[in-house]
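# Structural characterization, general
What follows is the residue order along each chain.
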Amino acid sequence: MHSFAQMPSIHTEQFGELHYDEASALLFPRGLPGFEQSRRFVLLDNPDFAPVVHLQSLETGNLCFLALPVRSVDPDYETILSEEDREALGLADADQPTVDLALLSAAQDGSLSANLLAPVVIHLAKQRGVQAVRFDSRYSHKEPLCS
Amino acid sequence: MLVIRRRVGETLVIGADIEVEVLESGGSQVKLGIRAPRAIGVVRKEIRTVGEQNQAAAQLVKQFKNPRPKPIRPV
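## Structural notes on the overall build of chain A
In terms of regular secondary structure, chain A is built from two helices and eleven strands. Secondary structure elements of chain A, listed N to C terminal, follow the sequence β-β-β-β-β-β-α-α-β-β-β-β-β. A globule of 147 residues ought to have a C-alpha radius of gyration of about 15 Å, and chain A, at 15 Å, matches this closely. Principal-axis analysis of the C-alpha atoms places the extent of chain A at approximately 45 × 40 × 25 Å. The burial tally for chain A puts 49% of its 147 residues in the buried class. Nonlocal contacts in chain A, meaning residues at least 24 apart in sequence, comprise 49% of its contacts between residues at least 6 apart.

As structure tokens, then:
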């Protein structure tokens, strides 16, 4: 266990100086579409915002997403992973648990939507993540959130 | 929109140096092979849509001021 002072840190717009443990750093081997250069993130949890979580870049201080577990948006949601996605995640079999998140965004009128077309899928045990863009057209990249 | 009917193994060209070949077709899917210079980006349209949506999503956090959270540890 590192002492706080030895922990790596990044200056973030949202949280100020953010200290994190290497054991909680996540690698996105392909980055995210639109942010292909951003490969390292950390998942931040705050009870005040639950069930919303933050996905903070460890390379770009002002890059941070808000996300909801996909099944809190749609209880019946089933994540589909391509062969490539599984490889990037280091998922050996279908039964290994992943954290599946929908990135949130706001429209001009302030209404919130969740991206169910492309869930961010995280394999915590391997500290890996991908944004798994679906091949079907079942869900939108802007599913309205009912509050 | 230009509509062209092609069979498996047949190709069409776009401009001077882009070729699109129909490799397989069956059910509701076709498999295409694309030959293009490296400088030409080729992605599924959904990926571009998601890229634009991610740019929008990255703006949302700026609407919230947030106390300091704690990193989640791997389970």
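## Quick notes on the packing of aromatic side chains
All chains considered together, the criterion is met by four aromatic pairs over all chains. With centroids separated by 5.6 Å and ring planes inclined at 80°, the aromatic side chains of Phe35 of chain A and Phe65 of chain A adopt a geometry described as edge-to-face. Linking Phe35 of chain A in the loop between β3 (25–27) and β4 (40–45) with Phe65 of chain A in strand β6 (residues 64–69), this pair joins segments that are 30 residues apart in sequence. Taking the relative accessible area as the measure of exposure, Phe35 of chain A reaches 15% and is therefore buried. Looking at Phe65 of chain A, the relative accessible area reads 0%, which means it is buried. These aromatic residues form a ring-pair network of at least three members: Phe28, Phe35, Phe41 and Phe65 of chain A. Just above the ring of Phe135 of chain A sits the side chain of Arg44 of chain B; from NZ or CZ to the centre is 3.7 Å.

## Some words on the interface of chain A and chain B
How large an interface is tends to be reported as the accessible area lost when its parts come together. Across the boundary between the two partners, chain A contributes 44 residues, which contact 28 residues of chain B. Remark: the boundary between chain A and chain B carries zero salt bridges. Inspection of the region where chain A meets chain B yields six residue pairs in polar contact (both at pLDDT 80 or more). Of all the secondary-structure elements, those providing two or more residues to the side of chain A that touches chain B are β2 (16–19), β4, β6, β7 (99–106) and β8 (112–114) of chain A. The class makeup of the residues in the side of chain A that touches chain B is 24 nonpolar, 13 polar and seven charged.

## Description of helix α1 (residues 45–60) of chain B
Here α1 of chain B spans 24 Å end to end across 16 residues, near enough to the 22 Å set by a 1.5 Å rise per residue. Where α1 of chain B is concerned, the buried positions are Val50, Gly51, Gln53, Asn54, Ala57, Ala58 and Leu60 of chain B. Residues of α1 of chain B that are buried sit in contact with β6, β7, β8 and β10 (128–131) of chain A.

## Thoughts on the layout of surface pockets
Residue and element names in this part refer to chain B. Considering only enclosed or pocket space, the largest pocket measures out at about 500 Å³ in volume. Among the elements of the structure, β2 (18–26) and β3 (29–35) are those that each provide at least two residues to the lining of the largest pocket. For the lining of the largest pocket, the residue count by class is six nonpolar, four polar and four charged. Taken as a whole, the second largest pocket encloses approximately 270 Å³ of empty space. Counted by class, the lining of the second largest pocket contains six nonpolar, three polar and five charged residues.

## Focus on the pairing of strand β9 (residues 120–123) of chain A
All names here are of chain A. Side chains Val120 and Ile122 project from β9 onto one buried face, and the interleaved Val121 and His123 project onto a second face that is buried too. Relative to β9, β7 runs antiparallel, the two being bridged by three bridges. The residue of β9 that forms the bridge with Leu101 is Val120. Both β9 and β10 contribute to a ladder of four bridges, which runs antiparallel. The residue bridging His123 from the neighbouring strand is Arg128, located in β10. In sequence, β9 turns back onto β10 through a hairpin of four residues, with Gln127 there showing a positive phi of about 55°.

## A short note on the pairing of strand β1 (residues 9–12) of chain A
Residue and element names in this part refer to chain A. Residue alternation in β1 divides its side chains into a buried set, Ile10 and Thr12, and an unburied set, Ser9 and His11. Strand direction decides the pairing type here: β1 and β2, joined by four bridges, are antiparallel. When the bridges of β2 are listed, His11 appears paired with Glu17. As consecutive antiparallel partners, β1 and β2 are separated by three residues.

Criteria and thresholds
- Residues numbered from 1 in each chain as written.
- Chains lettered and ligands numbered in written order.
- Predicted model: local features only at pLDDT ≥ 70, side-chain atom pairs only at ≥ 80, totals over all residues.
- Heavy atoms only, no water.
- Helix = DSSP H or I, 4+ residues; strand = E, 2+ residues; numbered from the N terminus.
- Rg over C-alpha atoms; globule rule 2.2 N^0.38 Å.
- Buried < 20%, exposed > 50% of the residue type's maximum accessible area, 1.4 Å probe, protein only.
- Contact = heavy atoms within 4.5 Å.
- Phe/Tyr/Trp six-rings, centres within 6.5 Å; stacked < 30°, edge-to-face > 60°.
- Lys NZ or Arg CZ within 6 Å of the ring centre and 35° of its normal.
- Salt bridge = Lys/Arg side-chain N within 4 Å of Asp/Glu carboxyl O.
- Polar contact = N/O pair within 3.5 Å; in protein donor to acceptor, adjacent residues only side chain to side chain.
- Nonpolar A, V, L, I, M, F, W, Y, C, P; charged D, E, K, R; others polar.
- Expected span 1.5 Å × (residues − 1).
- 1 Å grid on protein atoms, 1.4 Å probe; cavity = no way out; pocket = protein on both sides within 12 Å on 5 of 7 lines; lining within 4 Å.
- Points joined across faces, edges and corners; volume = space filled by probe spheres on them.
- Pairing = 2+ DSSP bridges.

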